[in-house]
Amino acid sequence: MSEASIRLLKADDGPTVLAIYPLAFPDEDLSKLVAKLLTDENVLSLVATTREHAIAHAAFTRCGSTNGSARLALLGPIAVHPDHQRDGLGKGLIEDGARRLSDQGVNELLVLGDPDYYRHRGFDAPASVSTPYPLKPEWAEAWRSRLLNFNERATGTLTVPKPWQAPELWG
Ligand SMILES: CC(C)(COP(=O)(O)OP(=O)(O)OC[C@H]1O[C@@H](n2cnc3c(N)ncnc32)[C@H](O)[C@@H]1OP(=O)(O)O)[C@@H](O)C(=O)NCCC(=O)NCCS
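Numbering of residues starts from 1 in every chain and runs along the sequence as written. The predicted origin of the model limits local features to residues at a pLDDT of at least 70 and limits the giving and counting of side-chain atom pairs to 80 or more, whereas totals for whole chains, interfaces and linings rest on all residues. Processing note: side-chain calculations cover all non-hydrogen atoms of the structure and skip hydrogens and water entirely.

Quick look at the overall build of the protein
Part 1 of the reasoning: Every helix listed is a DSSP run of H or I at least four residues long, and every strand listed is a run of E at least two residues long, numbered separately from the N terminus. Secondary structure summary: the protein contains 4 helices and 8 strands in total.
Part 2 of the reasoning: Ordering the α and β elements of the protein from the N terminus gives β-α-α-β-β-β-α-β-α-β-β-β.
Part 3 of the reasoning: Against the globule reference of 16 Å for 171 residues, the protein gives a C-alpha radius of gyration of 15 Å, in line with a compact fold.
Part 4 of the reasoning: If you line up the protein on its principal axes, its C-alpha atoms span 45 × 30 × 30 Å.
Part 5 of the reasoning: The buried label goes to any residue with under 20% of its type's maximum accessible area, the exposed label to any with over 50%, and the partly exposed label to all in between, with areas taken from a 1.4 Å probe on protein chains only. Burial analysis of the protein (171 residues in total) assigns 47% to the buried set.
Part 6 of the reasoning: Here the analysis covers contacts within the protein between residues at least 6 apart in sequence; of these, 69% occur between residues at least 24 apart. Between the two quantities, the radius of gyration covers C-alpha atoms and the globule rule is 2.2 Å times the number of residues to the power 0.38. In this description, contact between two residues means that some pair of their heavy atoms is separated by no more than 4.5 Å.

A short note on the side chain of Arg 7
Part 1 of the reasoning: Along the chain, the position of Arg 7 falls in strand E1 (residues 5–8).
Part 2 of the reasoning: Of note is the side chain of Arg 7, whose polar atom sits 2.8 Å from the side chain of Asp 13.
Part 3 of the reasoning: Under the rule applied, a polar contact is a pair of N or O atoms within 3.5 Å (in protein, one hydrogen donor and one hydrogen acceptor; residues adjacent in sequence only if both atoms are side-chain atoms). Here Glu 52 takes part through its side chain, which lies 3.0 Å from a polar atom of the side chain of Arg 7.
Part 4 of the reasoning: Those residues in contact with Arg 7 that lie beyond four places of it in its chain are Asp 13, Ser 45, Leu 46, Val 47, Thr 49, Glu 52 and Arg 100.

Points about the packing of aromatic side chains
Part 1 of the reasoning: The rule is short: rings of Phe, Tyr and Trp, with Trp giving its six-membered ring, pair when the centres are within 6.5 Å, and they are stacked under 30 degrees, edge-to-face over 60, tilted in between. A full pass over the atoms with the stated rule returns 5 aromatic pairs.
Part 2 of the reasoning: With centroids separated by 5.8 Å and ring planes inclined at 85 degrees, the aromatic side chains of Trp 143 and Trp 170 adopt a geometry described as edge-to-face. Taken as a pair, Trp 143 in strand E7 (residues 143–147) and Trp 170 in the segment after strand E8 (158–159) lie far apart in primary sequence, 27 residues in all. This pair shows no difference in class: Trp 143 is buried, exactly as Trp 170 is.
Part 3 of the reasoning: Ring-pair connections join several aromatic residues into one group, and the members of that group are Tyr 117, Tyr 118 and Phe 123.
Part 4 of the reasoning: Ring-over charges, as used throughout, are those where CZ of Arg or NZ of Lys falls within 6 Å of the ring centre and within 35 degrees of the ring normal. The ring of Tyr 117 has Arg 121 sitting right over it, with the charged end atom 5.7 Å from the ring centre.

A word on the site of the ligand
Part 1 of the reasoning: In the vicinity of the ligand lie 16 residues, with Val 80, Arg 86, Gly 88, Gly 90 and Lys 91 positioned nearest.
Part 2 of the reasoning: With respect to the ligand, the backbone of Arg 86 contributes an N or O atom lying 2.7 Å from an oxygen atom.
Part 3 of the reasoning: Interatomic distance of 2.7 Å between a backbone N/O atom of Gly 90 and an oxygen atom of the ligand.
Part 4 of the reasoning: Against a free-state accessible area of 890 Å², the protein chains account for coverage of 66% of the ligand.
Part 5 of the reasoning: Where the shell around the ligand is concerned, the elements lending two or more residues are strand E4 (72–80), helix H3 (89–103) and helix H4 (115–119).
Part 6 of the reasoning: Charged residues are taken to be Asp, Glu, Lys and Arg, nonpolar residues to be Ala, Val, Leu, Ile, Met, Phe, Trp, Tyr, Cys and Pro, and polar residues to be all remaining types, Gly included. Split into classes, the residues belonging to the shell around the ligand amount to 8 nonpolar, 3 polar and 5 charged. Residues are labelled near a given molecule or strand when at least one of their non-hydrogen atoms is within 4 Å of it. All accessible-area figures derive from a Shrake-Rupley calculation using a 1.4 Å probe, and residue coverage is judged against the displayed protein chains alone.

A closer look at the side chain of Asn 107
Part 1 of the reasoning: Along the chain, the position of Asn 107 falls in the loop between H3 and strand E5 (108–112).
Part 2 of the reasoning: Among the residues examined, Asn 107 registers a relative accessible area of 13% and is labelled buried.
Part 3 of the reasoning: Once residues within four sequence positions are removed from consideration, Asn 107 is found in contact with Ala 70, Arg 71, Leu 147, Leu 148 and Phe 150.

Observations regarding the pattern of salt bridges
Part 1 of the reasoning: Here, a salt bridge means any Lys or Arg side-chain nitrogen found within 4 Å of an Asp or Glu carboxyl oxygen. According to the stated counting rule, one finds 11 salt bridges in the structure shown.
Part 2 of the reasoning: Across the salt bridge formed by Arg 7 and Asp 13, the nearest N and O atoms sit 2.8 Å from each other. For the pair shown, Arg 7 and Asp 13 are each scored as buried.
Part 3 of the reasoning: In this structure, Glu 95 engages Arg 146 in a salt bridge whose closest nitrogen and oxygen atoms are separated by 2.9 Å. One end of the pair, Glu 95, is in helix H3; the other, Arg 146, is in strand E7, and 51 residues separate them in sequence.
Part 4 of the reasoning: Residues joined by salt bridges that share partners form a network here, namely Arg 7, Lys 10, Asp 13 and Glu 52.

This is the structure:
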């Protein structure tokens, strides 16, 4: 992770962070979701920076479950500027976020994403908690869990704050 450092999002990072997403995801428009997540009180937002300029971002949304009192967080989206991919920034953001959430008492981190990438980032099992809306069958493998200082995966259905309450984000 050459010269980059990781810190919490600041208010004036917003435009720089929003500009990374269309470059990292040329075929997907995540701007509305990301804009909502950047200002949502349930979201931990981290940026990787060089000389204070954001070049990567990850959002971690605190969630719950319909079954019990598990404290969960949903990772995503995460985007690294194409000029800086494969340099450890994605890994660094995920590890930093996992550490902070674990320190805050979060039990489990969930992700809906490329299983090949996330399996190597500690998301070593399918999630046991169901998604809030039906998943496309071909995405079943992509719904994964990483335990944080805890040995039991949540069950029931994930409860999510407003930005994630949209079926099209899930299926
Ligand atoms: C996917 C993404 C977040 C990964 O971040 P990154 O900083 O480029 O990747 P890292 O350097 O942290 O990768 C660490 C490891 O994962 C591997 N890796 C990176 N991208 C991968 C991919 N798409 N599939 C499988 N493995 C991948 C690397 O080879 C590296 O392996 P190593 O630790 O054994 O050396 C970033 O490339 C990105 O923003 N891509 C475009 C948007 C996207 O797909 N976002 C994720 C879906 S929400």
